[in-house]
Amino acid sequence: MARFLLARKASAIVLLAALLTCFSHVNGQEKAGESVTYPPLWDNVPDSLDGFVTIRNKTVINPWNYLDRMGMYKMLLSVTAKYMNNYGPSNTGNVLWGLPLQHGWQFKTGRLADPSDMSSCGQQTGDSLCISTTSWWSCMNYYLATIPFLGAVEAGFFDEWPFEIEILPPEDHKDDFCYNTADCHILIPDTMAKWTTFFQFLKKTKEFSQNKLSPTIPAEEDNVWQYMWTAHVSSIKAALPKFSERLTYISTPEAQFGISWGNAVDFIAATHFPTNFNQTNIFQVYLPQRMLLATDKAPSILDLSKEENWALVALDILYEGNKMTGGRLLNFWKRSMCSEKGREEGRHLLENAVSNPDLILPGIQKIILEFIKNHNCVTTDA
């Protein structure tokens, strides 16, 4: 039995090494030098409830419009800024930047449009700002946009607003979503509670010094990242089974990429990775800048960059490896990340995988050492 368990752990380590070897084909230094950008149409996005229409004492937000959904993110960045003044200049260190930047990438690459061709929603020839309920990406993102926003509402971040906030439902698939805190506590109670807890915790925090990818993140700040990532992972886990049928509207390579990306978030979350403005911009360039077609097969997709091709291969290896080991690869990684030192080494490893591949093998050795040290650790969602 001991040999069997050792073989299982060894296979997980080999798969992790294979993943990072694939990432080492990516020249991160070339990409990292590019200028960082804000989400598309950022200047047109409202940053307060004053920017939304108020009718009959109700301020209306339409999460099926790109500007409105992005507006929820921009408001969250605004109302939480004072708790993260020292994270980075001009609120660039805010822990929530990963959400709007990811949403902007989805919009820019056409992933929020109707993939069924049954409507012009999100199409350049139709309503380009429309977010489709048949899009797997848009439905998954709803749970990472509206639910966090409602968590902030419940935590009291908008208590001074004199009007009721109304979230509009879509024309179809209404039962797949919730639109106020009470309904969300019924539909997805665990996820709603975790986002509310994150925002409640944030209100209690003191200002922290600006963190970079390294060195060690201060303990209280690390708790902020833990609460945020725990809620983030919960949103994905709640949405994945609910929207699995939406995958039939997109190509097999695109569907596989979506599932693999969702799986990778578990690994990223375990490190308490700082998804601030700069780090998210740096790493997001490795994601494919268009929807994948049925004929696409990485790493040989001609109109995608070498970086995008290898990122797709790496994500697929990570997903298949975790699946093949029955989740043991993720368990190995989470246990290694149980300690503050382990998470620091994990963040280093993620950074070096795309910018300094010579440090990958030494990094893996450090991760293995942390796994041994944390052998009795009880792992959590993040």
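Quick notes on the rules
Residues numbered from 1 in each chain as written. Predicted model: local features only at pLDDT ≥ 70, side-chain atom pairs only at ≥ 80, totals over all residues. Heavy atoms only, no water. Axes fitted to C-alpha atoms, helices over the stretch in contact; angles between N-to-C directions. Helix = DSSP H or I, 4+ residues; strand = E, 2+ residues; numbered from the N terminus. Parallel < 35°, antiparallel > 145°, perpendicular 65-115°, else oblique. Left-handed = near helix turned anticlockwise from the far one by under 90°. Contact = heavy atoms within 4.5 Å. Nonpolar A, V, L, I, M, F, W, Y, C, P; charged D, E, K, R; others polar. Pairing = 2+ DSSP bridges. Buried < 20%, exposed > 50% of the residue type's maximum accessible area, 1.4 Å probe, protein only. Disulfide = S-S within 2.5 Å. Salt bridge = Lys/Arg side-chain N within 4 Å of Asp/Glu carboxyl O. Expected span 1.5 Å × (residues − 1). pLDDT = per-residue confidence, 0-100.

### Focus on the packing of helix α8 (residues 189-204) against helix α9 (residues 219-242)
One can describe the packing of α8 onto α9 by two numbers: an axis separation of 9 Å at closest approach and a directional angle of 160 degrees. The angle between the axes of α8 and α9 places the two elements in the roughly antiparallel class. Relative to α9, α8 is oriented so that their crossing is left-handed. Note on element contacts: α9 touches α8 through E220, N223, V224, Y227, M228, T230, A231, H232, S234, S235 and A238, opposite D190, T191, K194, W195, T197, F198, F201 and L202. Residues of the contact of α8 with α9, tallied by class, amount to nine nonpolar, seven polar and three charged.

### Focus on the sheet that holds strand β3 (residues 164-167)
Two orientations exist for strands paired in a sheet by backbone hydrogen bonds: parallel and antiparallel. Taken together, three strands build an open sheet; the order of strands is β1-β2-β3 and the sheet is mixed. Either end of the sheet is taken by a strand with one partner, and the two such strands are β1 (54-55) and β3. Pairing geometry for β1 and strand β2 (residues 58-61), over two bridges, is antiparallel. Residue I55 lies in a different strand from β2, and its bridge partner there is K58. Here helix α6 (residues 146-154) sits on the sheet and contacts β2 and β3; the angle it forms with β3, its principal contact strand, is near 165 degrees.

### Describing the environment of K334
Mapped onto the secondary structure, K334 falls in helix α13 (residues 328-336). Judged by its relative accessible area of 11%, K334 is buried. In this structure, the C-alpha to C-alpha distance between K334 and D266, residues 68 residues apart in sequence, is 8.7 Å.

### A short note on the state of the cysteines
Summed over the entire model, instances satisfying the criterion amount to two disulfides. In this model, C121 is linked to C130 through a disulfide, with the two sulfur atoms separated by 1.9 Å. Sign of the S-S torsion, about -90 degrees for the bond between C121 and C130, identifies this disulfide as left-handed. Comparing C121 with C130, the two get one shared label, buried.

### Re the pairing of β3
Taken residue by residue, a regular strand's side chains alternate between the two faces of the sheet. Residues of β3 alternate between two faces, with I165 and I167 buried on one and E164 and E166 left unburied on the opposite face. As paired elements, β2 and β3 share four bridges and run parallel to each other. The residue of β3 that forms the bridge with I61 is I167.

### Quick look at unusual backbone geometry
Residue P299 is reached from A298 by a cis peptide bond, and omega for that bond is 10 degrees. Inspection of the secondary structure puts P299 in the loop between α11 (277-284) and α12 (306-324). Although it is not a glycine, S90 adopts a positive phi angle of roughly 55 degrees. Looking at the element boundaries, S90 is found in the loop between α3 (66-80) and α4 (98-108). For S90, a relative accessible area of 71% translates into the label exposed. Although it is not a glycine, D117 adopts a positive phi angle of roughly 65 degrees.

### Let's talk about the pattern of salt bridges
Tallying each qualifying case throughout the model produces eight salt bridges. We note a salt bridge from K194 to D190, for which the minimum N-O separation is 3.1 Å. On the criterion of helical spacing, the pair formed by K194 and D190 is a turn pair, its members being four residues apart in helix α8. By relative accessible area, which is 46% here, D190 ends up partly exposed. Residues R343 and D222 are paired through a salt bridge, measuring 2.8 Å at the closest nitrogen-oxygen approach. Of this pair, R343 sits in helix α14 (residues 340-355) while D222 sits in helix α9, and the two are 121 residues apart along the sequence. Since its relative accessible area comes to 7%, D222 is described here as buried.

### Let's talk about α12
For α12, with 19 residues, the first-to-last C-alpha span of 27 Å sits near the 27 Å given by 1.5 Å per residue. Within the span of α12, buried status applies to E307, E308, N309, A311, L312, V313, A314, L315, L318, Y319, G321 and N322. Directly after α12, the chain includes G326, whose backbone phi takes a positive value near 65 degrees.

### Regarding the side chain of N309
With respect to the helices, strands and loops of the structure, N309 is situated in helix α12. The residues contacting N309, other than those within four sequence positions of it, are A298, P299, S300, I301 and L304.

### Section: the packing of α4 against α11
The geometry of α4 relative to α11 is characterised by a closest axis approach of 9 Å and an angle of 30 degrees between their N-to-C directions. The orientation of α4 with respect to α11, classified from their angle, is roughly parallel. Two packed elements cross with a definite hand, and for α4 against α11 that hand is right-handed. Mapping the contact onto sequence places G98, L101, Q102 and W105 in α4 and F277, T280, N281 and Q284 in α11. Residue composition of the contact of α4 with α11, by class: three nonpolar, five polar and no charged.

### A look at the confidence of the model for the protein chain
Overall, the predicted model of the protein chain reaches an average pLDDT of 87, with 84% of residues at or above 70. Residue range residues 1-12 is modelled with pLDDT below 50. Its contacts to residues more than four positions away, or to other chains, number nine contacts. Of the regions scoring below 50 in pLDDT, residues 207-215 engages in 30 contacts with residues more than four places distant in sequence or in other chains.

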